[in-house]
Amino acid sequence: MASSSSSSLIAASAVVLTIILNASVLCHGGRTSTYMRTSNNNVDMPVDDPTYYVHITQGDHVGTAVIVSWITPKAPGPDGVIYWKENSTEKKLAVGKIATYTYYNYTSGFIHHANVSNLEFNTKYYYQLGLGKYARNFSFSTPPPPGPDAPYTFGLIGDLGQTFDSNSTIDHYQNDPQNPQALLYLGDLSYANDYPYHDNVRWDTYGRLIERSVAYQPWIWTVGNHEVDWAPELDENVPFKPFRNRYHTPYAAAGSTSPFWYSIKRGPAYIIVMAAYSAFGYSSPQYSWFGQEINKVNRSETPWLIVLMHPPMYNSYKSHYMEGETMRVVYESLFVKYKVDLVFAGHVHAYERSVRVSNIAYNITNGLCTPVKNLNAPVYLTVGDGGNLEGLSTSMTQPQPAYSAFREASFGHGILDIKNKTHAYFAWHRNDDGYAVMADSVWLTNRYWDPTDDSN
Ligand SMILES: *[C@@H]1O[C@H](CO)[C@@H](O)[C@H](O)[C@H]1NC(C)=O
Ligand SMILES: *[C@@H]1O[C@H](CO)[C@@H](O)[C@H](O)[C@H]1NC(C)=O
Ligand SMILES: *[C@@H]1O[C@H](CO)[C@@H](O)[C@H](O)[C@H]1NC(C)=O
Ligand SMILES: *[C@@H]1O[C@H](CO)[C@@H](O)[C@H](O)[C@H]1NC(C)=O
Ligand SMILES: *[C@@H]1O[C@H](CO)[C@@H](O)[C@H](O)[C@H]1NC(C)=O
Ligand SMILES: *[C@@H]1O[C@H](CO)[C@@H](O)[C@H](O)[C@H]1NC(C)=O
Ligand SMILES: *[C@@H]1O[C@H](CO)[C@@H](O)[C@H](O)[C@H]1NC(C)=O
Ligand SMILES: *[C@@H]1O[C@H](CO)[C@@H](O)[C@H](O)[C@H]1NC(C)=O
Ligand SMILES: [Fe+2]
Ligand SMILES: [Fe+2]
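Note that the structure is a prediction, hence the values are computed from the model and not measured.

Caption draft 1: A look at the overall build of the protein chain. Check the secondary structure of the protein chain and you find seven helices and 26 strands. Relative to a compact globule of 456 residues, whose C-alpha radius of gyration would be 23 Å, the protein chain shows 22 Å and is just as compact. For the protein chain, the spread of C-alpha atoms along the principal axes amounts to about 75 × 50 × 45 Å. Of all 456 residues assigned to the protein chain, the portion counted as buried reaches 57%. Taking the intrachain contacts of the protein chain between residues at least 6 apart in sequence as the baseline, contacts between residues at least 24 apart amount to 71%. For the protein chain, the computed accessible surface area is about 17900 Å², with 54% contributed by carbon and sulfur atoms.

Caption draft 2: Examining the site of ligand 4 more closely. Near ligand 4, the surroundings consist of W84, K91, A135 and N137. A distance of 2.3 Å is found between an oxygen atom of ligand 4 and a side-chain nitrogen or oxygen belonging to N137. Contact with the protein chains hides 42% of the accessible area of ligand 4, taken as 360 Å² for the molecule alone. Within the shell around ligand 4, the residues separate by chemical class into two nonpolar, one polar and one charged.

Caption draft 3: Representation of the UniProt feature "domain: Calcineurin-like phosphoesterase" (unreviewed entry) in the protein chain within the structure. UniProt records the feature "domain: Calcineurin-like phosphoesterase" (unreviewed entry) for residues 153–351 in the present numbering. For residues 153–351, the helix share is 28%, the strand share is 16%, and the end-to-end C-alpha distance is 19 Å.

Caption draft 4: Representation of the packing of aromatic side chains within the structure. Here the structure, examined in full by the defined rule, presents 30 aromatic pairs. With a centroid separation of 5.7 Å and an interplanar angle of 50°, the aromatic rings of W219 and W221 are classed as tilted. With a relative accessible area of 0%, W219 lands in the buried category. Its relative accessible area of 1% is what places W221 among the buried residues. Pairwise contacts between aromatic rings join Y185, W203, W219, W221, F240, F243, Y247 and F260 into one cluster.

Caption draft 5: Geometry of the coordination of the iron ion (ligand 10). Within the protein, D159 (OD), D188 (OD), Y191 (OH) and H349 (NE2) serve as the donor atoms for the iron ion (ligand 10), at 2.1 to 2.2 Å. For the iron ion (ligand 10), the four donor atoms are set out with angles of 86 to 175° between them, so the coordination reads as irregular. Here the donor residues of the iron ion (ligand 10) share one chain and are spaced in sequence as D-x28-D-x2-Y-x157-H. Between the iron ion (ligand 10) and the iron ion (ligand 9), a spacing of 3.2 Å is present, and a bridge between the two is formed by D188. Of this pair, D188 sits in the loop between β13 (182–185) and α4 (201–214) while H349 sits in the loop between β18 (342–345) and β19 (351–354), and the two are 161 residues apart along the sequence.

Caption draft 6: Focus on the coordination of the iron ion (ligand 9). All of the protein donors around the iron ion (ligand 9) are D188 (OD), N225 (OD1), H310 (NE2) and H347 (ND1); their distances to the metal are 2.0 to 2.2 Å. Around the iron ion (ligand 9) sit four donor atoms; with metal-centred angles ranging over 90 to 160°, the donor geometry is irregular. Each donor residue of the iron ion (ligand 9) lies on one chain, and together they are spaced D-x36-N-x84-H-x36-H.

Caption draft 7: Up close: the site of ligand 3. Contacts to ligand 3 come from Y104, N105 and Y197. Between ligand 3 and N105, the relevant distance is 2.3 Å, taken from an oxygen atom to a side-chain nitrogen or oxygen of the residue. Across the complex, the protein chains shield 34% of the 360 Å² of accessible surface that ligand 3 would expose by itself.

Caption draft 8: How the structure looks around the nonpolar core. Counting residues in each nonpolar core, the largest one holds 81 residues, and the members touching the most others are I210, W221, Y331, F335, F344, L416 and F426. Each residue touching Y331, except ones within four places of it in the same chain, is listed here: M274, F280, Q286, Y287, F290 and M313. In this structure, V68, V81, Y83 and F140 belong to the second largest nonpolar core, which totals 18 residues.

Caption draft 9: Molecular detail of the UniProt feature "domain: Purple acid phosphatase N-terminal" (unreviewed entry) in the protein chain. Here the UniProt-annotated "domain: Purple acid phosphatase N-terminal" (unreviewed entry) positions come out as residues 54–142. For residues 54–142, the end-to-end C-alpha separation is 18 Å, with 0% helix and 54% strand making up the annotated structure.

Caption draft 10: Here's a closer look at the pairing of strand β5 (residues 92–95). Pairing analysis gives four bridges linking strand β4 (residues 80–85) to β5, with the strands arranged antiparallel. Across the sheet, the residue bridging to G80 is V95, located in β5. Taking the residues that link successive antiparallel strands as the turn, the β4-β5 hairpin has six residues, and the phi of N87 there is positive, at about 70°.

Caption draft 11: Structural detail: the sheet that holds strand β12 (residues 152–157). In spatial order, the strands read β14-β13-β12-β24-β25-β26; together these six strands make up an open sheet with mixed pairing. Strands at the two margins of the open sheet, each flanked by one partner only, are β14 (219–221) and β26 (440–445). When the angles between neighbouring strand axes are averaged without regard to direction, this sheet yields 20°. As defined by bridge partners, β13 adjoins β14 across three bridges and the pair is classed as parallel. Within the sheet, the bridge partner assigned to L183 lies in β14 and is W219. On top of the sheet, helix α3 (residues 164–174) reaches β12, β13, β24 (412–418) and β25 (423–430); it is set at about 25° to β24, its chief contact. On top of the sheet, α4 reaches β13 and β14; it is set at about 130° to β14, its chief contact.

Caption draft 12: Spatial organisation of the side chain of H347. Counting through the fold element by element, H347 comes out in the loop between β18 and β19. A distance of 3.1 Å separates the side chain of H347 from the side chain of N225, its partner in a polar contact. Side-chain polar atoms of H347 contact the side chain of H310, separated by 3.0 Å. Residues contacting H347, with those up to four places away along its chain left out, are D159, D188, N225, Y277, H310, P311, P312, H320, E323 and G384.

Scoring rules and cut-offs
- Residues numbered from 1 in each chain as written.
- Chains lettered and ligands numbered in written order.
- Predicted model: local features only at pLDDT ≥ 70, side-chain atom pairs only at ≥ 80, totals over all residues.
- Heavy atoms only, no water.
- Helix = DSSP H or I, 4+ residues; strand = E, 2+ residues; numbered from the N terminus.
- Rg over C-alpha atoms; globule rule 2.2 N^0.38 Å.
- Buried < 20%, exposed > 50% of the residue type's maximum accessible area, 1.4 Å probe, protein only.
- Contact = heavy atoms within 4.5 Å.
- Areas by Shrake-Rupley, 256 points an atom, 1.4 Å probe, with all protein chains shown as cover.
- Near = heavy atom within 4 Å.
- Polar contact = N/O pair within 3.5 Å; in protein donor to acceptor, adjacent residues only side chain to side chain.
- Nonpolar A, V, L, I, M, F, W, Y, C, P; charged D, E, K, R; others polar.
- UniProt positions renumbered as here; feature names shortened; annotations may be inferred.
- Phe/Tyr/Trp six-rings, centres within 6.5 Å; stacked < 30°, edge-to-face > 60°.
- Donors = N, O, S within 2.8 Å, 3.2 Å for Na, K, Ca; no water.
- Tetrahedral: all angles 85-135°; square planar, octahedral: opposite > 155°, others 65-115°.
- Core = buried A, V, L, I, M, F, W, Y, C linked by side-chain atoms within 4.5 Å.
- Pairing = 2+ DSSP bridges.
- Axes fitted to C-alpha atoms, helices over the stretch in contact; angles between N-to-C directions.

This is the structure we're talking about:
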């Protein structure tokens, strides 16, 4: 199985013994699923009715604020959010800011962002937007305070787009009996830039599609390549213009200077969101922020340290093969040093789970270019299978490399169910199955609190 890696090993004669020991631990690749889905016609859903639409995300560092965003197509309407605690008659008002933007010959609706803050933990809130016949009510629940003992369930979706498959992913996500409370979104939202002139109407239709989930629970945004929208041929020279206008993040509360990289605490998790399409090398603002940030994480308070990024560092599909390599070279040693538990990525339109490996010994001249088992390393998960118009990445490198534990090209979503400070359960669901079916699942032990457990 590992024949391609063993031929390169023999060349590095000075270190053959060490590598053979490592290779003996990792000599077999994992499982390539034989499951084949029935159809794959990748068509975006039709443009639907133009009412206003809503999305929310975490608004501060700890979970007591929510950014409520809504876009009214024709007129600004009221600039406030009325909100109240469950069963309370005391209503409060959070006033937002309104802005519009243009992109080539598209002019956006009125984009509202309001920071609903000073909320209580572990509490259900209702909120109302609009007035009279335009009034609509929504709700969300705040998380428990950051702390090791509260269980919490996150969903994972990446590369969603807006096809009939995307709709099926949302349907399966919402009906998942594991009942996810917040979503970690792994980048590539609307795929509007796949249309002529980056038709920004497709940013609006995407917003309407996801409303039925994201108006009720925060989606934590990671920026993907489809958010760049840099188009000098259209005289659109400012990267990320539609994303930056439509989707806000709580970056200032995390001491970040950019909305594209930031961190949050949510219950037992500390989540660091990285920006692969902004400068991230040594001396970049992102790199210096990241170094301080990861050093700050208190695993007694938030035992689970999770990193999100768009392109995966460990990927065995032919699609985007080794694209995450530059980021791996810069950041992997920090992931290992600080015992990151999990790294989630999208970008590759498929699912993959790694074993715990690192490749930090490699320095170009020493030939140590094969990932080795490392109990301080994260598990890398690619969940880029939301279902966009570009379709699935079905082509895989063969044989399956030893770092890859499981891979399958089907549309679906993931669930991370954190049970306590030592144990979490990850499951991947494919859209072709019933809501409760887990097509891949694994128990994960915390790297800080259970570092010698090598089951996963
Ligand atoms: C929302 O308000 C809270 C409390 O003042 C603050 O910590 C947070 O940074 C604000 N968030 C945004 C996005 O302005
Ligand atoms: C709100 O009222 C409902 C119905 O009376 C009750 O079931 C629920 O527990 C109450 N929730 C809170 C937070 O008091
Ligand atoms: C934008 O320009 C394109 C190409 O000229 C045209 O097809 C499209 O209808 C225009 N859209 C708007 C909103 O004017
Ligand atoms: C929203 O909820 C409030 C409080 O329960 C209620 O008075 C109002 O009628 C509701 N509005 C809509 C549009 O459902
Ligand atoms: C999207 O999914 C929802 C929920 O399953 C369904 O009601 C709706 O009809 C679907 N939309 C389209 C365009 O198929
Ligand atoms: C880390 O968190 C724990 C639990 O919340 C707290 O008791 C401790 O003081 C914190 N340590 C530091 C260095 O802040
Ligand atoms: C590269 O790694 C080898 C051993 O793994 C080490 O001897 C050598 O000094 C390293 N090179 C540099 C430039 O650090
Ligand atoms: C943590 O959760 C796991 C899995 O549910 C369980 O086996 C273990 O006993 C729990 N640990 C504690 C300290 O409760
Ligand atoms: Fe991507
Ligand atoms: Fe993508």
